[in-house]
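Listed below are the residues making up each chain.
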Amino acid sequence: MDENLAADLAELPALLDAVRESATDLLTGIETRPVARAPKEVGPAALPEHGIGLGRALALFRERWEPQFSGSAGPRYFGFVTGGATPASVAGDWLTGVLDQNAMSGEDSAAIELEHQTVGWIGGLFGLEQHTGAFVSGATMSNFVGLAIAREWLGEQLGISVAQAGIGALGPVHVLSGTPHSSIVKSLSMLGIGRDSMRLVPTMPGREAVDVDRLAEALAALDGRPAIVVANAGTVNTVDFDDLRAIAALRQRYPFWLHVDGAFGAFAALAPEYAELVDGLGEADSVCVDLHKWFNVPYDAAVQYTRHRDLQLRVFLNSAAYLTPPTGTPDFGHLVPENSRRLRALAAWFSLTAYGRDGHRDIVQRNISGANSLAERLVATGLLRLVAPVRLNVVCFTLTDQPTTERVHALVDAIAESGETFVTPTVYEGVPAIRAAFSNWRTTDTDVDRAAEAIAAAALALG
Ligand SMILES: *Cc1c(COP(=O)(O)O)cnc(C)c1O
């Protein structure tokens with residue numbers, strides 16, 4: 001055995017203690033660490049020929065790399081939609097690496113049973129009891145898998161299997177959506193359906209939610225040709241929701257596959273006063289739910305759900321002489337793009353077991369109230385205004401005076417430099433704007449105050 005490997009094995013308990021101490025430093029220091037960093041170049045390093053062992057590798061990482069990493073796991077990082085990681089989910093994630101299960105098939109381990117249980121629990125949070133699901137690496141892959149099954153369904157309507165015959169056998173594909181996430185369009189590219197197949201349906205005035213009457217017209221114009229409709233439950237800019245019930249009801253008149261991208265918006269289901277926003281989610285043929293955002297497990301994790309596992313199996317079937325052909329419940333290797341895969345479910349299992357539906361509801365409700373109070377504070381300065389109402393957990397705002405791209409970007413940069421909070425720029429209805437997205441379990445009222453003060457101070461300095 002290599003001498004570094006042998007030494008690490010001999011010292012394993014002490015080394016793991018050192019790793020634990022580093023983690024404790026990081027997690028207890030996250031409140032005081034600058035929220036964001038403009039990364040400095042760390043500089044080149046030669047490929048290690050001999051290695052230095054874990055202890056010194058840890059010291060080197062802490063000195064050279066860690067100070068350049070962002071505090072995105074902390075309570076005042078409001079960029080993109082970046083969840084934190086609950087204590088139990090961090091523990092689950094550590095143990096995932098420790099146990100190093102291959103959650104592809106279930107011949108030698110109960111690991112995939114744990115995944116099934118967790119997929120079922122999470123489905124229960126969202127009313128997806130009729131769906132089956134699997135863990136994937138993020139909402140992009142969840143959307144990709146949902147649309148891959150949709151593609152197979154389109155083929156079935158025409159009496160062909162796209163999995164066998166290829167996308168060329170399908171002819172033009174019609175995908176309709178109001179305000180699709182970029183990952184939907186990316187998935188169309190990856191699936192050979194093509195980005196140009198996306199037909200944007202008009203939204204309601206001043207909204208990002210699709211106009212259902214216009215959607216019905218677009219479907220009617222297809223003259224009975226089957227289509228894919230992507231409904232959105234929580235758009236990134238203004239967290240707007242399509243009317244899922246009304247869209248699902250259109251299937252009585254027109255043949256289409258209903259995919260719902262509920263990456264983070266689906267979590268409205270956890271808060272009784274917001275749950276009606278996702279009423280009808282269970283009607284979807286496929287559903288995307290992200291977990292590394294509002295469920296607060298570490299990257300990377302999401303679940304994809306469908307009511308059509310038979311079609312999913314056709315798409316992702318992985319047959320080889322040494323693999324058991326699927327009977328009953330197929331192995332995950334036959335249901336998702338990956339074959340070998342980590343047991344992503346374990347972090348989510350830990351978090352649900354430790355905190356339950358109540359604990360996760362608390363995260364959602366506190367984040368929603370944090371977003372509302374930040375919005376009030378920002379508007380009260382007179383320097384900033386909302387470009388859309390706060391519908392859930394995102395505040396979308398801009399400068400009251402001359403919201404040019406230049407000034408808005410200067411404001412975003414100045415906020416980041418404060419080290420107090422981090423927000424990201426966007427454009428909404430042609431207006432350069434800023435998003436502050438709440439999705440971290442640690443965020444308290446004090447954090448909201450600190451963020452509001454830092455943003456207000458930067459806006460004031462901008463003049
Ligand atoms: C974040 C997001 C995605 C993509 O998620 P990843 O986890 O980054 O792949 C898709 N749809 C919506 C609505 C999102 O917010």
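The present account deals with the structure reproduced in this document. Note that this is a predicted model, so its numbers are computed, not measured.

**Considering the pattern of salt bridges**
A side chain with one charge may pair with a side chain of the opposite charge, provided their charged atoms come close.
Part 1 of the reasoning: According to the stated counting rule, one finds 24 salt bridges in the structure shown.
Part 2 of the reasoning: Across the pair R245 and E283 runs a salt bridge whose closest N-O atoms are separated by 3.2 Å. Of this pair, R245 sits in helix α10 (residues 244-249) while E283 sits in the loop between β5 (256-261) and β6 (286-290), placing them 38 residues apart in sequence.
Part 3 of the reasoning: Assessed through its relative accessible area of 41%, R245 is described here as partly exposed.
Part 4 of the reasoning: Ionic pairing is found between R450 and E420, a salt bridge with its closest N-O pair at 2.7 Å. Taken together, the positions of R450 in helix α14 (residues 445-462) and E420 in the loop between α13 (405-418) and β10 (424-428) put the pair 30 residues apart, joining distant regions of the chain.

**Regarding the sheet that holds strand β9 (residues 394-399)**
Part 1 of the reasoning: The strand order across the open sheet built from 4 strands is β8-β9-β11-β10, with neighbouring strands paired in antiparallel fashion. Pairing within the sheet leaves two strands with one partner each, and these edge strands are β8 (384-386) and β10. Direction aside, neighbouring strands of the sheet carry axes that sit 45° apart on average.
Part 2 of the reasoning: Here β10 runs beside strand β11 (residues 431-437); their pairing, made up of 5 bridges, is antiparallel. Within β11, the residue paired with Y428 across the bridge is V431.

**Overview of helix α5 (residues 111-125)**
Part 1 of the reasoning: Between its terminal C-alpha atoms α5 stretches 22 Å, which fits the 21 Å expected from 15 residues at 1.5 Å a residue.
Part 2 of the reasoning: Every buried residue belonging to α5 is among A111, I112, L114, E115, T118, V119, I122, G123 and L125, and all of these are buried.
Part 3 of the reasoning: Close packing links the buried residues of α5 with β1 (132-136), β7 (302-306) and α12 (345-380).
Part 4 of the reasoning: The positive-phi residue at the C-terminal boundary of α5 is G127, with phi of around 70°.

**Side note on the sheet that holds β1**
In any sheet, the strands associate via hydrogen bonds between backbone groups, in a parallel or an antiparallel arrangement.
Part 1 of the reasoning: Spatially, β1-β7-β6-β5-β4-β2-β3 is the arrangement adopted by the 7 strands of the open sheet, whose pairing is mixed. Each edge of the open sheet is held by one strand with a lone partner, namely β1 and β3 (198-200). Between one strand axis and the next, the sheet turns by 20° as a mean value, whatever way the strands run.
Part 2 of the reasoning: Where β5 meets β6, 3 bridges bridge the pair, whose relative direction is parallel. Among the inter-strand pairings, V260 is bridged to a residue of β6, identified as V287.

**What to know about the nonpolar core**
Part 1 of the reasoning: Judged by nonpolar contacts, the single largest core of 94 residues is most densely connected at F126, L219, I228 and L291.
Part 2 of the reasoning: In terms of residue count, the dominant contributor to this core is helix α6 (residues 139-157) (9 residues).
Part 3 of the reasoning: When near neighbours in sequence (up to four residues on either side) are disregarded, I228 contacts L147, A150, R151, L154, V173, H174, V175, L176, I193 and W257.

**Some remarks on unusual backbone geometry**
Part 1 of the reasoning: Between Y299 and the following residue, D300, the backbone shows a cis peptide bond with an omega angle of 0°.
Part 2 of the reasoning: Relative to the assigned elements, D300 resides in the loop between β6 and β7.
Part 3 of the reasoning: Backbone geometry at D100 places phi at a positive 50°, although glycine is not the residue there.
Part 4 of the reasoning: For D100, a relative accessible area of 64% gives the class exposed.
Part 5 of the reasoning: The backbone phi angle of Q402 is positive, close to 45°, even though this residue is not glycine.
Part 6 of the reasoning: As for its position among the elements, Q402 is in the loop between β9 and α13.
Part 7 of the reasoning: We classify Q402 as partly exposed; its relative accessible area is 48%.

What counts, and at which threshold
- Residues numbered from 1 in each chain as written.
- Predicted model: local features only at pLDDT ≥ 70, side-chain atom pairs only at ≥ 80, totals over all residues.
- Heavy atoms only, no water.
- Salt bridge = Lys/Arg side-chain N within 4 Å of Asp/Glu carboxyl O.
- Helix = DSSP H or I, 4+ residues; strand = E, 2+ residues; numbered from the N terminus.
- Buried < 20%, exposed > 50% of the residue type's maximum accessible area, 1.4 Å probe, protein only.
- Pairing = 2+ DSSP bridges.
- Axes fitted to C-alpha atoms, helices over the stretch in contact; angles between N-to-C directions.
- Expected span 1.5 Å × (residues − 1).
- Contact = heavy atoms within 4.5 Å.
- Core = buried A, V, L, I, M, F, W, Y, C linked by side-chain atoms within 4.5 Å.

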